[in-house]
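Letter by letter, the chains look like this.
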Amino acid sequence: MENKNNKTLTCFKAYDIRGKLGEELNEDIAWRIGRAYALCLAPKQVVVGGDVRLTSESLKMALAEGLMDGGCDVLDIGLSGTEEVYFATFYLDVDGGIEVTASHNPIDYNGMKLVRRGSRPVSGDTGLNEIRELAEANQFPPVERRGNYKKIDILGAYVEHLLGYVNLDNFRIKPLKLVINSGNGAAGHVIDEIELRFKNAGVQIEFIKVHNEPNGAFPHGIPNPLLPESRQDTANAVLDSKASMGIAFDGDFDRCFLFDENANFIEGYYIVGLLAEAFLSKEKGAKIIHDPRLIWNTIDIVENTGGIPVMSKTGHAFIKERMRLENAVYGGEMSAHHYFRDFAYCDSGMIPWLLIAELVLTSERSLGDLVKSRIARFPVSGEINRKVMNATALIADIEKRYSSQAIEVDYTDGLSMSFSGWRFNIRTSNTEPLLRLNVEADADEELMERKRDELLGLINS
């Protein structure tokens, strides 16, 4: 299987592996990645899994061959979301894990997310660059023994862990109807198992399942509820069934997106505040990590609930590292990535909706009611992306224009500037030639919209 073609592998990104099928990512490259991972990290056992994409199984098996050729034993958990690989890695206490997934990327893409022991991320400065160099060189020394391959099932233990974040007695307060849209991705089997556990426990939770069957052809489009056009099926199902809440996942379900009882899509930013409150009600004085893009709502809730807000640079590797450093109980990004200390500081798309459903029941308030006052208090623009050629110069120009009015300037991630009654964050994308803008205001939607349009005018010109 060895290939002397040692050209640059463009599928290696800052935090993971993602590439167009064929030239950028194929079975030979997958084998080389497995072989390089084994050589770089010297693991004895590695968990592998794959999402529902039509190429994930063949890429996963080529990856497994590379790992075994490098002397590593492979434990294959089969069809899975990214967080199932994270869970298996720390639960089984093995040396690492790799999920074959392209998450919400186009259908002709695939990729991989890599972790080491303890489900710590393998990214650019923690081994991914070395793996890339070894895979590109494609010169691997012989090993004493070839590794073994074994299929395993961790679904039961994983779901047991998920349900440990909530009190099942709270789910007996009253019946609840939930719409859950798996988008034909990898989430369906987990939802089925949670539904079965609820039923066996006598919990009256009715699941209205939408696109629950895994289908790598994605007949209803790539599951990415960040795109407005991907939300309609969930919204329609909430209204048609008069559900209390809607839940939609992306392809590898490391993110979940929530809809209220009126089928309104809830920005991930406001969910961070709700989850922070949920954890602080159980652990007073805990630290909560948040990203710099939108901050006022989170800080306000955390401080008023007796917690300590801590700002971290955007991105899973930075958030996880900061959470470990601070021993934070929870971390949230406005992009719907939610991180949990007891989940090895990893992100999960399953834990958030369980916690929010519990909050709806215990507070005896609807999800819409829970976020309504927060949305009015801190209106936001939502993240606006623009393709630009001269991002660095443009950001410098914006800082210069606004510096005389700024009360606070922060460079944790891009440029954040705070003023009387409003603030903004502007940053370049880590993965695309994009400028990302977020604007928020203090109880003044008109001011937020005016400043948003003012900044967009500068960017577009």
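Look above for the structure.
What comes next is a walk through the structure. Every value quoted in this text rests on a predicted model; they were computed, and no experiment measured them. Every chain is numbered independently, its residues counted from 1 as its sequence is written. In view of the model being predicted, local features appear only for residues whose pLDDT reaches at least 70, and side-chain atom pairs are presented and counted only at 80 or more, with totals across whole chains, interfaces and linings using the full set of residues. Processing note: side-chain calculations cover all non-hydrogen atoms of the structure and skip hydrogens and water entirely.

This paragraph deals with the overall build of the protein. Numbering of helices and strands starts at the N terminus; helices are DSSP runs of H or I of at least 4 residues and strands are runs of E of at least 2. Looking only at helices and strands, the protein features 14 helices and 20 strands. Its C-alpha atoms give the protein a radius of gyration of 22 Å, near enough to 23 Å, the size a compact globule of 461 residues would have. Seen along its three principal axes, the alpha-carbon backbone of the protein occupies a region of about 65 × 60 × 45 Å. Note on definitions: a residue-residue contact is assigned when non-hydrogen atoms from the two residues lie within 4.5 Å. Contacts in the protein between residues far apart in sequence, at least 24 positions, make up 70% of those at least 6 positions apart. Surface accessibility of the protein: about 18,500 Å² in total, with carbon and sulfur atoms responsible for 48%. Atoms considered for the radius of gyration are the C-alpha atoms alone. The globule rule reads 2.2 Å times the number of residues to the power 0.38. Per-residue accessibility takes into account occlusion by the displayed protein chains alone, with areas from the Shrake-Rupley method and a 1.4 Å probe.

Here the focus is the pairing of strand β7 (residues 176–181). Throughout this description, buried means an accessible area under 20% of the type-specific maximum (1.4 Å probe, protein chains only), exposed means over 50%, and partly exposed covers the range between. Counting buried residues along β7, five of its six residues qualify, which places the element largely inside the surrounding structure. Should DSSP find at least two bridges between two strands, the strands are regarded as paired. Pairing analysis gives six bridges linking β7 to strand β8 (residues 205–210), with the strands arranged parallel. The residue of β8 that forms the bridge with Asn-181 is Val-210. Each parallel crossover has a hand, and the one from β7 via helix α6 (residues 188–200) to β8 is right-handed. As defined by bridge partners, β7 adjoins strand β9 (residues 245–249) across four bridges and the pair is classed as parallel. Paired with Leu-178 across the strands is Met-245, a residue of β9. The handedness rule is simple: strands pointing away from the viewer, and a clockwise path from the first strand over the helix to the second, make the crossover right-handed.

For the rest of this paragraph, the subject is unusual backbone geometry. Notably, Ala-42 is not glycine yet its phi reads approximately 50°, a positive angle. In this structure, Ala-42 sits in the loop between α1 (27–41) and β2 (45–50). On the basis of relative accessibility, which here comes to 57%, the residue Ala-42 falls in the exposed class. Look at Phe-218: it is not a glycine, yet its phi comes out positive at around 45°. Within the secondary structure, Phe-218 sits in the loop between β8 and α7 (232–241).

All of the buried residues along helix α10 (residues 316–326) are His-316, Ala-317, Ile-319, Lys-320, Met-323 and Glu-326. On its buried face, α10 sits against α3 (82–91), β11 (287–290), β12 (308–311), β13 (330–332), β14 (338–340) and β15 (346–347). With its phi angle positive at about 55°, Asn-327 sits one or two positions after the end of α10.

For the rest of this paragraph, the subject is the packing of aromatic side chains. For this analysis, a ring pair means two rings from Phe, Tyr or Trp (six-membered ring only for Trp) whose centres lie within 6.5 Å, classed as stacked if their planes differ by under 30 degrees, edge-to-face if by over 60, and tilted for the remaining angles. By the definition in use, this model includes 23 aromatic pairs. Ring plane angle 75° and centroid distance 5.4 Å describe the contact between Phe-259 and Phe-265, whose orientation is recorded as edge-to-face. A ring pair is formed by Phe-419 and Phe-424, whose centres lie 6.0 Å apart and whose planes are at 20°; its orientation type is stacked. For Phe-419, a relative accessible area of 4% translates into the label buried.

On to the state of the cysteines, then. The term disulfide is used for any two cysteine sulfur atoms that are within 2.5 Å. Inspection of every chain in the model, using the stated rule, returns zero disulfides. Cys-72 forms no disulfide, and the closest cysteine sulfur to it belongs to Cys-40, at a distance of 13 Å. Using a relative accessible area of 0% as the deciding quantity, one classes Cys-72 as buried. The cysteine Cys-346 is free of any disulfide, with Cys-256 supplying the nearest cysteine sulfur at 16 Å. Classification of Cys-346 as buried rests on a relative accessible area of 0%.

This part takes up the pattern of salt bridges. Within this document, salt bridges are pairs made up of a side-chain nitrogen of Lys or Arg and a carboxyl oxygen of Asp or Glu, the two lying within 4 Å of each other. Evaluation of the coordinates by the stated rule reveals 40 salt bridges. Notably, a salt bridge pairs Asp-453 with Arg-452, separated by 3.0 Å at the nearest N-O pair. A relative accessible area of 21% means that Arg-452 is categorised as partly exposed. When salt bridges with common partners are traced through the structure, they connect Asp-291, Arg-293, Glu-333 and Glu-383 into a single cluster.

Before going further, it helps to examine the sheet that holds strand β18 (residues 415–419). The strand order across the open sheet formed by five strands is β16-β20-β19-β18-β17, and the pairing between neighbours is antiparallel. Strand pairing shows two members of the sheet lacking a second neighbour, β16 (384–387) and β17 (408–410), which therefore form its edges. Strand-to-strand twist across the sheet, computed as the mean angle between neighbouring axes with direction ignored, equals 15°. Note on method: axes are straight lines fitted to C-alpha atoms, helices fitted across the in-contact stretch only, with angles between N-to-C directions ranging 0 to 180 degrees. Those strands touched by helix α9 (residues 296–304) are β18, β19 (422–428) and β20 (434–441), and its axis lies near 50° from that of β20.

Direction vectors running N to C along helix α13 (residues 391–402) and helix α14 (residues 445–460) enclose 135°, while the axes themselves pass 10 Å from each other. Judged on the interaxial angle alone, α14 and α13 are oblique. For the element pair α13 and α14, the recorded crossing hand is right-handed. Facing α13, whose interface residues are Leu-394, Ile-398, Arg-401 and Tyr-402, α14 presents Glu-454, Leu-455, Leu-458 and Ile-459. Note on residue categories: nonpolar means Ala, Val, Leu, Ile, Met, Phe, Trp, Tyr, Cys or Pro, charged means Asp, Glu, Lys or Arg, and polar means any other residue, Gly included. Taken together, the residues that form the contact of α13 with α14 break down as six nonpolar, no polar and two charged. In what follows, roughly perpendicular refers to angles from 65 to 115 degrees, roughly parallel to angles under 35, roughly antiparallel to angles over 145, and oblique to any angle outside these ranges. Crossing handedness follows the turn of the near helix against the far one: under a right angle anticlockwise gives a left-handed crossing, and clockwise gives a right-handed one.

Pairing within the open sheet is mixed, and its six strands lie in the order β1-β5-β4-β2-β3-β6. Lying at the two open borders of the sheet, with one neighbouring strand each, are β1 (17–20) and β6 (149–151). Mean inter-strand twist for the sheet, computed between neighbouring axes without regard to direction, equals 20°.

Turning next to the environment of Ala-62. Structurally, Ala-62 can be placed in helix α2 (residues 56–69). On the basis of relative accessibility, which here comes to 4%, the residue Ala-62 falls in the buried class. Each C-alpha atom, one on Ala-62 and one on Ala-36, is 13 Å from the other, the two residues being 26 residues apart in sequence.

We now examine the side chain of Arg-32. Inspection of the secondary structure puts Arg-32 in helix α1. Classification of Arg-32 by relative accessible area gives buried; the value is 2%.

Bringing the environment of Ser-420 into the picture now. With respect to the secondary-structure elements, Ser-420 resides in the loop between β18 and β19. Distance from Ser-420 to Leu-54, taken between C-alpha atoms, is 52 Å for residues 366 residues apart in sequence.

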